Amino acid sequence: MLIGVVPFFAAFIYALGYSFGVMGVLNNGFTTRFWESVFASGEFLKSFGYSAAIALVSLVLSIGGALWVTLKFRRELDKKFLSFMMYLPLAIPGVVAGFFMIQLFSKAGFFARIAFQLGLIEKTAQFPDLVNDSLAFGIIVAFITMLIPFFTLLFLNVYKNERIEELSILAHALGANANQVTRRVFLPIILKKTGVLIALYFIFLLGAYEVPLILGQESPQMLSVLIIRETRQFDLSKISEGYVVAVMYTLVVSITVILLFLPKRKKAIYES
Amino acid sequence: MKVSWKPYILTLIVLLIGFPFIFMVLLSFSSSWRFPDILPGYFGLKNWVTILGSETGLLQSFIISVVISLSVGMVSTFSGFLISRAVFYHKRRRILTLFAYFPYVLAPVVFGACLSFFFLKIGLFGNVTGVIVAQFLVAFPYALIFFGSFWNKKIKSYEDLVATLGGTPRQTFFKVLLPLAKSMLLICFFQTFLISWFEYGLTSIIGVGKVQTLTIKVFLFIKEANYYYGALSCCLLIFPPVVLLYFNKRYVFKNLV
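Residues numbered from 1 in each chain as written. Chains lettered and ligands numbered in written order. Predicted model: local features only at pLDDT ≥ 70, side-chain atom pairs only at ≥ 80, totals over all residues. Heavy atoms only, no water.

Considering the overall build of chain B
To be explicit about the condition: A run of DSSP states H or I qualifies as a helix once it reaches four residues; a run of E qualifies as a strand once it reaches two. Both are numbered from the N-terminal end. In this description the radius of gyration comes from C-alpha coordinates, and the expected globular size is given by 2.2 Å times residues to the power 0.38.
Counting its secondary structure elements, chain B contains 11 helices and 2 strands. For chain B, the α and β elements follow one another from N to C terminus as α-β-β-α-α-α-α-α-α-α-α-α-α. Computed over C-alpha atoms, the radius of gyration of chain B comes to 23 Å, more than 25% over the 18 Å expected from 2.2 N^0.38 for 257 residues, which places it beyond the range of a compact globule. For chain B, the spread of C-alpha atoms along the three principal axes comes to 75 × 70 × 30 Å.

Okay, here's the thing in structure tokens:
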């Protein structure tokens, strides 16, 4: 266990020390000025809100899409060819997804060429900003294309394991209509069974690096990009502020993990 | 007669899934593809032939990536398997498993940035060994969590039975536990291999640009706006996992939920 835990705590203590000026090249003693500076600038909160919003929108759209595909195409996706096709997007890493989005949505990309040929635009500048844009369109599309296949496969598996087909037939036999079966049987079981994994994916998206690095804008940036920009910059006096953000991000992630996975005590119902 | 729309939607889904793969392959064969041309000015093997030369070092990057991913996959899988057993039989196993989640969920690149000081101190900065160790620190917790579902009362009963029948711990491990865990070991190896194969952030921090894996190469080509070589690197990056997924797909999700 030491192999896993010690590096994590060592990294955290180092970042904490750096953020309070105890460690680091130009630091010479305990100070809270880096923390004050980060809170005063509001950059962490802005970046955190921006990252959380992107993660939430991507997750909601992906889960919605995957639920729809599962509900409508579960029988077809059992076939060998389609089943394999659903696995294919899992072979695409974030850096390739980011590269592909640039090829599709940039001002000289695939869709801009088609728009030109259709006479919709006359020069590249007329094509809308779809990558490195303020609404994070490129980032969200990249996340969705990576997540929908994953969640579809996950939901299909839960559908089989939890015998939702049989439960749906039973609900129909008891007089429920298709809408009620979806809302009262299908959705609650699927979402309850995958809730922890969905929460984990929210954390993963919150800390995503490659996709926002390629498709994001200068400001605000997603958390990981901001942390790396601050801790790797040439201005050594600013590095501590990067570690402040790293410490806060680590705390948020750690608290979420504790809330998700902390062994829950069963209520002592027999206690007097 | 009511016409079903499902085949059309399914065809669209298949096309959307296949499109990135086809596009990358076509782009890797292309050159001189200027706006607003729909088709490239050159289409041929020129870019792929370059791989065999040393101009871009792509072949070298491919070999480095394979070596790193194989090492990370094998070491993480076997250590995860062995240590997860000790964790499962520990009286505080739920707390210990909770600890394993911390490095697993933290963004690897942030983990790497905070760890880089220690890697520098022990001479693991900017070399292949350092990258393997760094990626292991992310892949190992995954393996540990993954094998958590393997150890259960049934497995413990098998172990007890072998001990009752006079089997040694060594025999129990090689003749009972390993055969039982064979398919899970394989899945875990594939997964940790892929974690390493797709890793960019941690590798860029600990490798400091000296260890040029394929993901690092893709990013360099994006920065240089050399999209043809970028697409070629992407092909090298995505097709080995496609082959792995083909063999792996029967097992991966069965054990996920």
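There is more to say, and it comes next.
Topic: the pattern of salt bridges
Test applied: Think of a salt bridge as a Lys or Arg side-chain nitrogen and an Asp or Glu carboxyl oxygen that are within 4 Å of each other. The cut-offs for exposure are 20% and 50% of the maximum accessible area for each residue type, with area from a 1.4 Å probe on protein chains only; residues under the lower value are buried, those over the upper are exposed, and the others partly exposed.
One pass over the full model with this rule turns up 11 salt bridges over all chains. With a shortest N-O distance of 3.8 Å, A:Glu76 and B:Lys6 are connected by a salt bridge. Linking A:Glu76 in the loop between helix H3 (43-73) and helix H4 (80-87) with B:Lys6 in helix H1 (residues 6-28), this pair reaches from one chain into another. Among the ionic pairs, A:Glu162 bridges to A:Lys193, the shortest N-O distance being 3.8 Å. Of this pair, A:Glu162 sits in the loop between helix H7 (137-161) and helix H8 (164-173) while A:Lys193 is found in helix H9 (residues 178-206), placing the two residues 31 residues apart along the sequence. Look at A:Glu162 and you get partly exposed, because its relative accessible area is 28%. Judged by relative accessible area, A:Lys193 falls into the partly exposed class, the value being 46%.

What to know about the nonpolar core
The test is simple: Only buried Ala, Val, Leu, Ile, Met, Phe, Trp, Tyr and Cys residues count toward a nonpolar core, and they belong to the same one when joined by side-chain atoms within 4.5 Å. Either an automatic procedure or a domain database provided the assignment from which the domain bounds are taken.
Counting 173 residues, the largest nonpolar core has A:Ile139, A:Phe151, A:Leu215, A:Val257, B:Phe81 and B:Phe147 as the members making the most contacts within it. If one sorts the elements of this core by residue count, H7(A) sits on top with 15 residues. When residues of this core are assigned to domains, at least three map to each of domain 1 (1-44) and domain 2 (56-255) of chain B. Counting 5 residues, the second largest nonpolar core, distinct from the first, contains B:Ile68, B:Val72, B:Val131 and B:Val211.

Side note on the environment of A:Phe261
Let me state the cut-off plainly: Pairs of residues are marked as contacts when any of their non-hydrogen atoms sit within 4.5 Å.
By the element assignment, A:Phe261 lies in helix H12 (residues 239-261). With 65 residues separating them in the primary sequence, A:Phe261 and A:Val196 have C-alpha atoms 8.7 Å apart. Not counting the four nearest positions on each side in its chain, A:Phe261 is found in contact with A:Val196, A:Leu200, B:Leu98 and B:Tyr101.

Observations concerning the packing of aromatic side chains
Aromatic rings in a pair are described by how distant their centres are and how their planes are angled relative to each other. Residue and element names in this part refer to chain B. In plain terms, the rule: Planes of paired rings set the category: under 30 degrees apart is stacked, over 60 is edge-to-face and the rest tilted, where pairs are Phe, Tyr or Trp rings (Trp by its six-membered ring) whose centres lie within 6.5 Å. For a lysine, the NZ atom is tested; for an arginine, the CZ atom; a charge sits over a ring if that atom is within 6 Å of the ring centre and within 35 degrees of the ring normal.
All told, the structure shown has 60 aromatic pairs over all chains when counted by the stated rule. With 5.9 Å between their ring centres and 35 degrees between their planes, Phe-29 and Trp-48 make a pair best called tilted. You can see Phe-29 sitting in the loop between H1 and strand S1 (30-31) and its partner Trp-48 sitting in helix H2 (residues 46-52), a full 19 residues away along the chain. The partly exposed category is assigned to Trp-48, whose relative accessible area is 25%. Positioned above the aromatic ring of Tyr-42, the side-chain terminus of Lys-46 is 4.8 Å from the ring centre. Over the face of the ring belonging to Tyr-89 we find Lys-156, whose NZ or CZ atom lies 5.3 Å from the ring centre.

Thoughts on the interface of chain B and chain A
The following threshold applies: The term buried area means the drop in 1.4 Å probe accessible area that two parts suffer when joined, counted for both and summed. Two N or O atoms count as a polar contact when they lie within 3.5 Å, although within protein this holds only if one can serve as hydrogen donor and the other as acceptor, and sequence-adjacent residues are included solely when both atoms are side-chain atoms.
The interface of chain B with chain A comprises 72 residues on the first partner and 75 residues on the second. Buried surface at the junction of chain B and chain A, summed over both partners, amounts to about 6,900 Å²; 84% is from carbon and sulfur atoms. Along the contact surface separating chain B from chain A lie 1 salt bridge. Along the contact surface separating chain B from chain A lie 9 residue pairs in polar contact (both at pLDDT 80 or more). At the level of secondary structure, the elements contributing two or more residues to the side of chain B that touches chain A comprise H1, helix H3 (58-89), helix H4 (93-105), helix H5 (108-121), helix H6 (128-147), helix H9 (201-207), helix H10 (214-223) and helix H11 (227-252) of chain B.

Examining helix H6 (residues 110-117) of chain A
All names here are of chain A. Operational definition: This arc corresponds to the set of directions leading from the helix axis out to the C-beta atoms.
For H6, the set of buried residues is Ala-112, Arg-113 and Ala-115. Each buried residue of H6 sits inside an arc of 160 degrees when the element is viewed along its axis, so together they form one side. Remark: Gly-119 follows H6 within two positions and exhibits a positive phi of approximately 80 degrees.

Considerations on the packing of H12(A) against H5(B)
Stated precisely, the cut-off is as follows: Only C-alpha atoms enter the line fits that serve as axes; for helices the fit covers just the stretch in contact. Angles between N-to-C directions range over 0 to 180 degrees. The labels follow the angle: roughly parallel below 35 degrees, roughly antiparallel above 145, roughly perpendicular from 65 to 115, and oblique for the rest. Should the near helix be turned counterclockwise from the far one by less than a right angle, the crossing is left-handed, whereas a clockwise turn marks it as right-handed.
For the pair H12(A) and H5(B), interaxial distance at closest approach is 11 Å and the crossing angle is 130 degrees. Taken together, the axis directions place H12(A) and H5(B) in an arrangement best described as oblique. The handedness of the crossing between H12(A) and H5(B) comes out as left-handed. Side by side, H12(A) and H5(B) meet where A:Tyr243, A:Ala246 and A:Tyr249 of the first sit next to B:Val110, B:Ala113 and B:Cys114 of the second.

Description of the confidence of the model for chain A
Note the following rule: Scored between 0 and 100, pLDDT is the confidence that the predictor attaches to each residue.
For chain A, per-residue confidence averages 90 on the pLDDT scale, and residues scoring 70 or more make up 96% of the total. Counting interchain partners and residues more than four positions distant, the pLDDT-below-50 stretch residues 268-272 of chain A has 0 contacts.

Here we look at the side chain of A:Thr31
All names here are of chain A. The topology assignment puts Thr-31 in the loop between helix H1 (2-19) and helix H2 (33-41). Within polar-contact distance, the side chain of Thr-31 engages the backbone nitrogen of Arg-33 at 3.0 Å. Beyond its immediate sequence surroundings of up to four residues, Thr-31 is in contact with Ser-19, Phe-20 and Gly-21.

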